[in-house]
Amino acid sequence: MTDKQLAVQCIQMLEKYLNEVKNLPNNNSKMLTLAGSDMTEWKNTYYPQLVQSGKIRDGAFFQNPLKDFRYGIGNDGVCTKLEYLQFLWSAYQFVLGDFPSSNESLKCIKNCIKMLEPYAADFQNQGTGVSISRDLKSTDMTEWKNEYYPKLSKPGLVPDASYFANGAHLGIGNDGRFVAEELCHFLFRLYRQAYIILN
């Protein structure tokens, strides 16, 4: 099995928790704990082969150099909503890499990713309690409102606000303002949609 095939297995295991994580608050007050055989697989296979090997970014997003190995889903298999969503984004990023934009949907998704990913730097090395919000820059906001929001977010092709609650100002939404969880969630969903189209 290749590393990318193993990463897809890991993603499939973690995505079983999407609805449970949806109900967690956007802070550290409640955590997800992987259950039973999922915890065993995480600790014995996915964490050492994908995270410790440096293939998929986990705790290092929150603390670099990493000193507390509980950051991210970590070596304990316990995580916040942000840590969970950041890992899924990073895992799909590893699986897909620089994927081809061979049709209009993939081109739109890829360009949106390229626009949004630089904003993640604002949330890196801040631990998991970061509560700052960011706004899209004016040129990016124009692209978001004219291209990506109406084609990807608003029609629900790529879930955005609906994961947090139904409302135009949740997720990245029509106002272009977001917190770390909302950004990581939308990036994960963009890559996921590309993966679905390509497979």
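Okay, so let's go over this structure. These numbers come from a predicted model, not from an experiment.

What counts, and where the lines are drawn
- Residues numbered from 1 in each chain as written.
- Predicted model: local features only at pLDDT ≥ 70, side-chain atom pairs only at ≥ 80, totals over all residues.
- Heavy atoms only, no water.
- Helix = DSSP H or I, 4+ residues; strand = E, 2+ residues; numbered from the N terminus.
- Rg over C-alpha atoms; globule rule 2.2 N^0.38 Å.
- Buried < 20%, exposed > 50% of the residue type's maximum accessible area, 1.4 Å probe, protein only.
- Areas by Shrake-Rupley, 256 points an atom, 1.4 Å probe, with all protein chains shown as cover.
- Lys, Arg positive; Asp, Glu negative; His and termini not counted.
- Charge placed at Lys NZ, Arg CZ, Asp CG, Glu CD.
- Contact = heavy atoms within 4.5 Å.
- Expected span 1.5 Å × (residues − 1).
- Polar contact = N/O pair within 3.5 Å; in protein donor to acceptor, adjacent residues only side chain to side chain.
- Axes fitted to C-alpha atoms, helices over the stretch in contact; angles between N-to-C directions.
- Left-handed = near helix turned anticlockwise from the far one by under 90°.
- Nonpolar A, V, L, I, M, F, W, Y, C, P; charged D, E, K, R; others polar.
- Phe/Tyr/Trp six-rings, centres within 6.5 Å; stacked < 30°, edge-to-face > 60°.
- Salt bridge = Lys/Arg side-chain N within 4 Å of Asp/Glu carboxyl O.
- Bend = angle between axes of the 7 residues up to and from the residue.

## Here we look at the overall build of the protein
Phase 1 of the analysis: For the protein, the count of helices and strands is 7 helices and 4 strands.
Phase 2 of the analysis: Ordered by position from N to C terminus, the α and β elements of the protein give α-α-β-α-β-α-α-β-α-β-α.
Phase 3 of the analysis: What you see for the protein is a C-alpha radius of gyration of 16 Å, in line with the 16 Å of a compact globule of 199 residues.
Phase 4 of the analysis: Out of the 199 residues belonging to the protein, those deemed buried represent 47%.
Phase 5 of the analysis: Working note: accessible area of the protein is about 9300 Å², and carbon and sulfur atoms make up 46% of it.
Phase 6 of the analysis: Where the 21 positive side-chain charges of the protein centre and where its 21 negative ones centre are 1 Å apart.

## Observations concerning the environment of Leu 32
Phase 1 of the analysis: You can see Leu 32 is positioned in strand E1 (residues 32-33).
Phase 2 of the analysis: On the accessibility criterion, Leu 32 (1% relative accessible area) is buried.
Phase 3 of the analysis: Along the chain, Leu 32 and Thr 80 lie 48 residues apart, while their C-alpha atoms are 6.2 Å from each other.
Phase 4 of the analysis: The residues touching Leu 32, leaving out its near neighbours within four places in the chain, are Tyr 17, Glu 20, Val 21, Leu 24, Gly 77, Val 78, Cys 79 and Tyr 84.

## Remarks on helix H5 (residues 104-116)
Phase 1 of the analysis: An ideal rise of 1.5 Å per residue puts 18 Å on 13 residues; H5 measures up with 18 Å between its terminal C-alpha atoms.
Phase 2 of the analysis: On the buried face of H5, the contacting elements are helix H6 (138-153) and helix H7 (180-198).
Phase 3 of the analysis: Looking at where H5 begins, the residue whose side-chain oxygen comes 3.0 Å from the main-chain nitrogen of Ser 105 is Asn 103.

## Let's talk about the packing of helix H4 (residues 81-96) against H7
Phase 1 of the analysis: As a packed pair, H4 and H7 sit with axes 8 Å apart at the nearest point and diverge in direction by 35°. The crossing of H4 and H7 is left-handed. Here Lys 81, Leu 82, Leu 85, Gln 86, Leu 88, Trp 89, Tyr 92, Gln 93, Val 95 and Leu 96 of H4 lie close against H7, whose contacting residues are Ala 180, Glu 181, Cys 184, His 185, Leu 187, Phe 188, Tyr 191, Arg 192, Ala 194, Tyr 195 and Leu 198.
Phase 2 of the analysis: When its residues are assigned to classes, the contact of H4 with H7 shows 15 nonpolar, 3 polar and 3 charged.

## Concerning the packing of aromatic side chains
Each aromatic ring pair is specified by the distance between its two centres and by the angle formed by the two planes.
Phase 1 of the analysis: Summed over the entire model, instances satisfying the criterion amount to 12 aromatic pairs.
Phase 2 of the analysis: Summarising the aromatic geometry, the rings of Trp 42 and Phe 87 are spaced 5.3 Å apart at their centres and angled 80° between planes, so their arrangement reads as edge-to-face. Of the two residues, Trp 42 is situated in helix H3 (residues 36-51) and Phe 87 in helix H4; the sequence distance between them amounts to 45 residues.
Phase 3 of the analysis: Owing to a relative accessible area of 0%, Trp 42 belongs among the buried residues under this scheme.
Phase 4 of the analysis: Here Phe 87 falls in the buried class, since its relative accessible area comes to 0%.
Phase 5 of the analysis: Linked through ring pairs, Phe 61, Phe 62, Tyr 71 and Trp 89 together constitute an aromatic cluster.

## Comments concerning the pattern of salt bridges
One side chain can pair with another of opposite charge once the charged atoms of both are near each other.
Phase 1 of the analysis: Counted by the stated rule, this structure contains 7 salt bridges.
Phase 2 of the analysis: Here Glu 15 and Arg 192 are joined by a salt bridge, their closest N and O atoms 2.9 Å apart. Here Glu 15 is found in helix H1 (residues 3-15), whereas its partner Arg 192 is found in helix H7, with 177 residues between them in sequence.
Phase 3 of the analysis: Taking relative accessible area as the criterion, Glu 15 reaches 15% and is therefore assigned buried.
Phase 4 of the analysis: The exposure class assigned to Arg 192 is partly exposed, which follows from its relative accessible area of 25%.

## Considerations on the side chain of Arg 189
Phase 1 of the analysis: For Arg 189, the position within the fold is in helix H7.
Phase 2 of the analysis: Within the buried core, Arg 189 has no salt-bridge partner, and the shortest N-O distance to an opposite charge, that of Glu 15, equals 6.5 Å.

## Examining H6
Phase 1 of the analysis: With 16 residues, H6 should cover 22 Å at 1.5 Å per step; its first-to-last C-alpha distance of 19 Å lies more than 12% under that length.
Phase 2 of the analysis: The sharpest bend along H6 comes to roughly 50°, located at Trp 144.
Phase 3 of the analysis: Taken as a whole, H6 has its buried residues at Asp 140, Met 141, Trp 144, Tyr 148, Tyr 149, Leu 152 and Ser 153.
Phase 4 of the analysis: Looking at the buried side of H6, the elements it contacts are H5 and H7.

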